[in-house]
Amino acid sequence: MADTQRRFAVMGANTFKIADKIMSNQRICRLLKYQVRNPFSPDLKDVDGAELINKQILIVPKIYDGSNEKMSYVTAIFDDFVVNQINPEFKISTVRFDIACPYDEWLLDDTSLRPYLIMEELDIMFNQAKLSGIGNLQFHRADALTLSPQIGGYSMRYKINEFN
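Description of the structure in this document. Quick caveat, the model's predicted, so the values are computed rather than measured.

**Some thoughts on the pattern of salt bridges**
Pairs can form between side chains of opposite charge once their charged atoms are near each other. Scanning the model with the defined rule gives nine salt bridges in all. With a closest N to O distance of 2.9 Å, D98 and R96 form a salt bridge. The exposure class assigned to D98 is buried, which follows from its relative accessible area of 13%. For R96, a relative accessible area of 16% gives the class buried. Between D143 and R141 there is a salt bridge whose closest N-O contact spans 2.8 Å. Judged by its relative accessible area of 26%, D143 falls in the partly exposed class. Look at the salt bridges and you will find they share partners, linking D79, R96, D98 and R157 into a network.

Below is the structure:
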C-alpha cells in the first residue's frame, strides 16, 4: 500500500517536505530573517534557509524563545482531520500556515506588508500544489491571528481531500 496521508505515520515526513519547500524560498527567508524595511536589498546577503528551521520556520507549534530579537515566524502543521460527509471514502484535512510578525515590522518599503508578502509566497508554492503522499492542496481560508500586543499575522488553511 502506498504511503498516503491517511496513514498518520507519514505526516512527519510530509511536514519535513513542506518545511524544505519553505526554507528553499529566498523571498520568505529574507522576509523572516531581515526585520528591516527592505529585506530584498542587494546589500543583504542571501539567507541559508536551514538556519531558520526551528527558529523562524517551525514545524512544531511553539515559537522559538532562545532570542530576545524581534522575529517573524511561519509555522506549518497538519490540522482539522474529518471524514468527508458526502463521501466517507475520503478524509479531509488541513495544512495550516501561521504567519506571525512583530507589528512594528509589518511596514516595508515595498508596496505591501510583511505578512502579506509571506502569504503570497506560500500561496504560490502550495495552492493547487500536489505533494506526494498528501494530494492536492486547495486554499480554504485565511484569518487574522493576534498573539500579543506586539506580534500578529494570519493563519492560512489549505484543504486536502483524500482516500480514507
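**A closer look at the packing of helix α1 (residues 11-23) against helix α3 (residues 114-126)**
Here α1 crosses α3 at 125 degrees, and the two axes come no closer than 11 Å. Classified by the interaxial angle, the pair formed by α1 and α3 is oblique. Crossing hand, α1 versus α3: right-handed. Taking contact as the criterion, the partners of I18, K21 and I22 in α1 are, on α3, L122, M125 and F126.

Reading guide: rules and limits
- Residues numbered from 1 in each chain as written.
- Predicted model: local features only at pLDDT ≥ 70, side-chain atom pairs only at ≥ 80, totals over all residues.
- Heavy atoms only, no water.
- Salt bridge = Lys/Arg side-chain N within 4 Å of Asp/Glu carboxyl O.
- Buried < 20%, exposed > 50% of the residue type's maximum accessible area, 1.4 Å probe, protein only.
- Axes fitted to C-alpha atoms, helices over the stretch in contact; angles between N-to-C directions.
- Helix = DSSP H or I, 4+ residues; strand = E, 2+ residues; numbered from the N terminus.
- Parallel < 35°, antiparallel > 145°, perpendicular 65-115°, else oblique.
- Left-handed = near helix turned anticlockwise from the far one by under 90°.
- Contact = heavy atoms within 4.5 Å.

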